[in-house]
Amino acid sequence: MRYSLRHVAAVTAFAAATLTLNTAWAAEPEIGPVIPSFGPVMAPPPGSYNLDPDVHYKVSMDMNTTPDFPDEQNRHLVSAARFLNMHAQNGIPTDNIEFALIVHGKAAKDLLTDEAYQARYNEPNPNSQLLKELNAANVPIYLCSQTAAFRGMATEEFSSTVTMSMSAMTAHVRLQKEGYTLIPF
């Protein structure tokens, strides 16, 4: 089979573009600036669909699962950090994003103090520093008091970064009424 010079040039250009794209996607993730130690972000391709830097956003995330092993960080907490870092790295002013977490179910354990976590799981809470950094970035964390009560967890067992809510449902309704958009995963 014979290929025209134009066909060879097109295949070469495609290969070069693919190599360039793969090289860009192979870059190392960056952490910060909002959450300095957590939330790694890969650079998106130029021109990616993004938030409008001139709009103020209110965003909430539901957190109800926890890792299988007590020494692992909760991926939802890391995702919250990633969301904040990603947008700050890509031109969205930090003042234009208000972010809140609503926690219930098994994920309540990830909000325990190191001492309470140690008593229950024989090690310090792997989420403690991330909770402190989210708090420093003004991210409110609302814990379902119903979850805490049904799981036998006292209010004083939780990190000082946590605000007790009547329920997770209550927190979602109130935040929605206050204009927050729920990230549905």
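Residues numbered from 1 in each chain as written. Predicted model: local features only at pLDDT ≥ 70, side-chain atom pairs only at ≥ 80, totals over all residues. Heavy atoms only, no water.

Trainee: I'd like to hear about the pairing of strand 1 (residues 57-63), residue by residue, with values.
Mentor: Both strand 1 and strand 2 (residues 97-103) contribute to a ladder of seven bridges, which runs parallel. Each residue of the ladder has a partner; that of K58, found in strand 2, is E98. At this point the chain moves from strand 1, through helix 2 (residues 75-89), to the parallel strand 2, and the crossover so formed is right-handed. (Pairing = 2+ DSSP bridges. Helix = DSSP H or I, 4+ residues; strand = E, 2+ residues; numbered from the N terminus. Right-handed = clockwise from strand over helix to strand, strands pointing away.)

Trainee: Which residues make up the environment of N85, and what values go with them?
Mentor: If you trace the backbone, N85 turns up in helix 2. Here N85 falls in the buried class, since its relative accessible area comes to 0%. Considered as a pair, N85 and P40 are 45 residues apart in the sequence and their alpha carbons are 7.7 Å apart. Residues contacting N85, with those up to four places away along its chain left out, are I31, G32, P33, V34, I35, F38, G39 and V41. A distance of 2.8 Å separates a polar side-chain atom of N85 from the backbone nitrogen of I35. (Buried < 20%, exposed > 50% of the residue type's maximum accessible area, 1.4 Å probe, protein only. Contact = heavy atoms within 4.5 Å. Polar contact = N/O pair within 3.5 Å; in protein donor to acceptor, adjacent residues only side chain to side chain.)

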